[in-house]
Amino acid sequence: MLPVTQLFAYGLQHVLAMYAGAVAVPIIVAQAMHLSPEELIRLINADLFTCGIATLIQTIGFWKVGAKIPMIQGVTFASVTPMILIGVEHGMTAIYGAIIAAGLFTFLIAPYFSRLIRLFPPVVTGTIITIIGITLLPVSVRWIGGGGNPNSPDFASPMHLMLAFITLCIVIIVYRYCKGFLSNIAVLIGLIGGTVIAMLLGQANFSEVGRANWFDIVTPLAFGVPVFDIGSIISMCIVMLVVMVETTGDCIAIGEIVGRPIGRKNLAKCLRADGLSTLLGGILNSFPYTAFAQNVGLVAVTRVKSRFVVAASGIILVALGLFPKMAAIVACIPNSVLGGAGLAMFGMIIASGIRALSKVNFEGNYNLMLVAISIGISMITLTVPNFYHNFPGWAKIVLHSGITLGSLTAVILNLILNGFGEEYHVDED
């Protein structure tokens, strides 16, 4: 336990490193669902508030929930495409019904999943991470064009492209020439710099900031009573299986960094925290939760290993979620600015997947075919979005998500081609 001033400073550093990624998912979903600015502000507030609660659950822990390690929690990008598909088909209430059910599902199977992790060797997890980045890149491309209809005359106008380019340049320059803390928040600095330039050019409208409240309480089930659609629930449960793989990797990595090896029991506690946080996310108008990988790197770089530092980050996130004006400022960031930063952000996910795959042995086995087919199948709906239009509604929700379908393909092909694969060697505790 560090002094309060240090807890706040180091905790704020973690928040700044993950803030841009934390608010990206609410923005993507709100735009896809054509929500009003007020509803977007509500989503961002709920997301930040629940991020804080989820982080506190993971770091402080209680009963058999929470690994008690310095792991900050945020909304997973793996859920974006399935949520949009569910929302377009059945509305926001079906999204939250699926999230609540998937959170309960995750909580209940956590101890069993921790024993089945051998089904997800590095070749599968690396492929899944790569697929997540690839399927999210079109989002940043639409942002770069202005976020509207690609057939609109204003789409990809010189102004939009210039703002996206400037933002991306800021991110690259900060990442390259700054060190430590500043380098870790290169995306956030890029968003701020791009927005300031957009404001000077008359391309940013901050009128919603003046109308937003200074303080507001996050209202549970603000979009209505959840709808529990079977196809939507299945799709979101599959997403949570992917999320559990991601969390497992981050949990084991942090355990190694802080000198606390993660065994099956602690891994189960970590995954239960994801499930409980996701369930709360569905109730509080937020989304599924997982560990934020960029903060794993921050723990390694700063060598500040206290879990109470990240718990302080949770308290800061809860406070931010209670101030709508902060969310209103974020909501006013121009789409083209988001696109420039998103290109780097989503591209980094692909790079992380490639880095994971670089450690995989491709000689004398079937791993190359596994990666090729899995990524190829995930690209089908990116190429032809309505490819599965003849399938039943419940099946389309699963099949239309490149992340879900590609991940399932990777797991199944690994079983067919490689058997049970490698197993994570962890102790029971």
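In this text, all values refer to a predicted model and were calculated from it rather than measured experimentally. (Residues numbered from 1 in each chain as written. Predicted model: local features only at pLDDT ≥ 70, side-chain atom pairs only at ≥ 80, totals over all residues. Heavy atoms only, no water.)

**Comments concerning the environment of Leu7**
Turning to step 1, where the next piece is worked out: Looking at where Leu7 falls in the secondary structure, it is placed in helix 1 (residues 4-32).
Turning to step 2, where the next piece is worked out: According to the relative accessible area criterion, Leu7 is buried, its value standing at 11%.
Turning to step 3, where the next piece is worked out: If sequence neighbours within four positions are ignored, Leu7 has contacts with Met1, Leu2, Phe308, Val309 and Ala312. (Helix = DSSP H or I, 4+ residues; strand = E, 2+ residues; numbered from the N terminus. Buried < 20%, exposed > 50% of the residue type's maximum accessible area, 1.4 Å probe, protein only. Contact = heavy atoms within 4.5 Å.)

**Regarding empty space enclosed by the protein**
A probe as big as a water molecule, rolled over the atoms, marks out the empty space that is left.
Turning to step 1, where the next piece is worked out: As enumerated under the stated definition, the model contains one cavity of 30 Å³ or more in all.
Turning to step 2, where the next piece is worked out: Of the voids in this model, the largest cavity is the one considered here, and its volume is about 30 Å³.
Turning to step 3, where the next piece is worked out: Together, Thr93, Tyr96, Leu221, Phe223, Gly224, Val225, Pro226, Gly282 and Asn285 line the largest cavity.
Turning to step 4, where the next piece is worked out: Classifying every residue of the lining of the largest cavity by side-chain character gives five nonpolar, four polar and no charged. (1 Å grid on protein atoms, 1.4 Å probe; cavity = no way out; pocket = protein on both sides within 12 Å on 5 of 7 lines; lining within 4 Å. Points joined across faces, edges and corners; volume = space filled by probe spheres on them. Nonpolar A, V, L, I, M, F, W, Y, C, P; charged D, E, K, R; others polar.)

**Remarks on the confidence of the model for the protein**
Turning to step 1, where the next piece is worked out: With 92% of its residues at a pLDDT of 70 or more, the protein has an overall mean of 83.
Turning to step 2, where the next piece is worked out: Looking at the elements of the protein, mean pLDDT is at its lowest for helix 12 (residues 293-302), recorded as 64, and at its highest for helix 16 (residues 367-378), recorded as 94.
Turning to step 3, where the next piece is worked out: In this model residues 421-427 is a low-confidence stretch, pLDDT under 50, and it forms 15 contacts with partners more than four residues away in sequence or in other chains. (pLDDT = per-residue confidence, 0-100.)

**Focus on the side chain of Gln58**
Turning to step 1, where the next piece is worked out: Along the chain, the position of Gln58 falls in helix 2 (residues 37-60).
Turning to step 2, where the next piece is worked out: For Gln58, a relative accessible area of 0% translates into the label buried.
Turning to step 3, where the next piece is worked out: One polar contact links the side chain of Gln58 to the main-chain amide nitrogen of Ala67, over a distance of 2.9 Å. (Polar contact = N/O pair within 3.5 Å; in protein donor to acceptor, adjacent residues only side chain to side chain.)

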